[in-house]
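Structural description and commentary
As a plain string of letters, each chain reads:
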Amino acid sequence: MSKTWRPATQLVHGGTLRSQYGETSEAIYLTQGFVYETSEAAEARFKGETEGYIYARYGSPTNDMFEKRMCMLEGAEDARATASGMAAVTAAVLCQVKAGDHIVAARALFGSCRWVVETLAPKYGIECTLVDGRDLANWEKAIRPNTKVFFLESPTNPTLEVVDITGVAKLANQVGAKVIVDNVFATPLFQKPLELGAHIVVYSATKHIDGQGRCLGGVVLSDKDWIDENLHDYFRHTGPAMSPFNAWTLLKGIETLPLRVKQQTGNAAKIADFLAEQSKVAKVIYPGRKDHPQADIIAKQMTGGSTLVAFELKGGKEAAFALQNALDIVKISNNLGDSKSLITHPATTTHKNLSEEARAELGISPGTVRLSAGIEDTDDLIEDFAKALAKVSA
Ligand SMILES: *Cc1c(COP(=O)(O)O)cnc(C)c1O
């Protein structure tokens with residue numbers, strides 16, 4: 001494997017382990033366990049004196065291929081594949097904290113991520129402060145002597161705010177805390193949190209990495225020392241391991257990641273520009289547009305726009321529902337990153353559990369809609385929006 005390979009090559013060939021049969025496509029090793037030639041061989045394997053697998057909860061060949069391919073793409077030394085994105089987030093957070101520690105997290109987080117730090121962690125005596133992550137001063141003010149972890153997502157769900165990752169990492173390094181970045185919205189192609197100074201990156205592989213709506217998955221990536229010291233034992237003994245079948249599905253998905261994300265981003269950008277000109281649309285938030293409120297940070301840390309677009313309809317919830325119901329190609333679904341274009345109304349779905357006030361803080365109004373652009377023909381999607389908008393009363 002060559003370190004100089006560019007992403008499109010890494011994602012087709014990276015990490016491939018061929019069996020004695022020389023198969024072209026990656027094999028699925030659906031096995032729980034592994035057999036040893038002799039008792040001595042088993043003993044040596046358990047002592048860590050020989051390379052090899054022990055039990056699928058610890059690691060297995062198809063999962064290894066997925067982890068290695070992700071490491072290559074991310075520029076990480078090591079990784080663990082998990083059963084879902086939430087298993088990755090929970091493991092990344094909890095494996096490195098203990099009662100009495102403190103977490104600072106951006107308040108604009110994927111709903112379940114926010115639950116893990118805001119509700120779950122305090123049950124075990126781990127304190128958490130949520131901040132408006134857009135302003136570095138808020139991160140700095142929240143630091144306490146026991147702060148161990150900074151957790152953020154950038155761009156955020158659903159209003160595509162961004163956080164200055166390098167800035168947060170500098171603050172964390174001053175106090176010896178670790179920065180975890182949930183990089184789902186940026187995709188591994190458009191943002192490299194480890195290069196920006198973050199210590200740990202997590203993905204829901206369910207999203208763009210599968211990208212075809214088939215299976216759940218997640219991955220935690222970091223340097224080898226952090227994984228050895230923090231995640232290794234936690235992962236083995238709490239059991240968030242990914243199914244080898246899902247690892248295989250994701251390996252096949254990731255081969256086409258650059259092609260899909262390119263088409264999705266192109267579609268998202270053109271739809272964002274189209275929507276920005278419509279009289280029924282109050283505002284459009286798209287990381288690839290110059291009018292994004294944090295365009296300067298985006299230019300500094302991202303190499304592409306986004307496959308997602310957030311926009312607000314002047315007619316509030318009624319208009320948002322009417323638009324969604326009138327769309328034909330674009331489906332109503334809270335998922336994202338799929339090859340099918342999907343649209344959702346956060347206030348009544350993904351963010352319904354937040355108070356009206358908490359939603360307002362995140363910029364989610366009754367008229368806010370989030371689009372995840374698919375890989376369909378651009379003109380068909382624009383026509384779908386034009387027809388649907390015509391049915392929304394002004
Ligand atoms: C979907 C998602 C998750 C959770 O991933 P699952 O695979 O659904 O468990 C976490 N963070 C972000 C930003 C997501 O979009």
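Since the structure is predicted, the reported quantities are computational estimates derived from the model, not experimental observations.

With respect to the packing of helix α4 (residues 85-94) against helix α9 (residues 224-238)
Across the interface, α4 lies against α9 with an axial gap of 9 Å and an inter-helix angle of 120 degrees. Here α9 runs oblique to α4, going by the angle between their axes. α9 is crossed by α4, and the crossing has right-handed handedness. Contacts between α4 and α9 involve Thr-90, Ala-91, Ala-92 and Leu-94 on the former and, on the latter, Trp-226, Leu-231 and Tyr-234. For the contact of α4 with α9, the residue count by class is 6 nonpolar, 1 polar and no charged.

Looking at the domain arrangement of the protein chain
Segmentation of the protein chain into domains returns domain 1 (7-254) and domain 2 (257-390). Distance between the C-alpha centres of domain 1 and domain 2: 27 Å. Taken residue by residue, the interface counts 38 residues in domain 1 and 37 residues in domain 2. Area buried by domain 1 at its contact with domain 2 is led by Leu-160, Phe-190 and His-208, which between them contribute 23% of it.

Topic: the UniProt feature "modified residue: N6-(pyridoxal phosphate)lysine" (unreviewed entry) in the protein chain
Using the residue numbers shown here, the UniProt feature "modified residue: N6-(pyridoxal phosphate)lysine" (unreviewed entry) corresponds to Lys-207. Relative to the helices and strands, Lys-207 is located in the loop between β6 (200-204) and β7 (218-222). Ignoring any residue separated from it by four or fewer positions in sequence, one finds Lys-207 in contact with Phe-110, Val-184, Asn-335, Leu-336 and Gly-337.

Re the packing of aromatic side chains
For any pair of aromatic rings, geometry is given as the distance between the ring centres together with the angle between the planes. Counted under the stated rule, the structure contains 6 aromatic pairs. With centroids separated by 5.7 Å and ring planes inclined at 10 degrees, the aromatic side chains of Trp-139 and Phe-150 adopt a geometry described as stacked. Of this pair, Trp-139 sits in helix α6 (residues 136-142) while Phe-150 sits in strand β4 (residues 147-153), and the two are 11 residues apart along the sequence. Taking the centre distance of 6.3 Å and the plane angle of 75 degrees together, the rings of Phe-311 and Phe-385 count as edge-to-face. Placement of Phe-311 in strand β9 (residues 308-313) and of Phe-385 in helix α15 (residues 378-390) is noted, with a sequence separation of 74 residues between them.

Thresholds applied
- Residues numbered from 1 in each chain as written.
- Predicted model: local features only at pLDDT ≥ 70, side-chain atom pairs only at ≥ 80, totals over all residues.
- Heavy atoms only, no water.
- Axes fitted to C-alpha atoms, helices over the stretch in contact; angles between N-to-C directions.
- Helix = DSSP H or I, 4+ residues; strand = E, 2+ residues; numbered from the N terminus.
- Parallel < 35°, antiparallel > 145°, perpendicular 65-115°, else oblique.
- Left-handed = near helix turned anticlockwise from the far one by under 90°.
- Contact = heavy atoms within 4.5 Å.
- Nonpolar A, V, L, I, M, F, W, Y, C, P; charged D, E, K, R; others polar.
- Domains from an automatic or database assignment.
- Buried area = accessible area lost by both parts, 1.4 Å probe.
- UniProt positions renumbered as here; feature names shortened; annotations may be inferred.
- Phe/Tyr/Trp six-rings, centres within 6.5 Å; stacked < 30°, edge-to-face > 60°.

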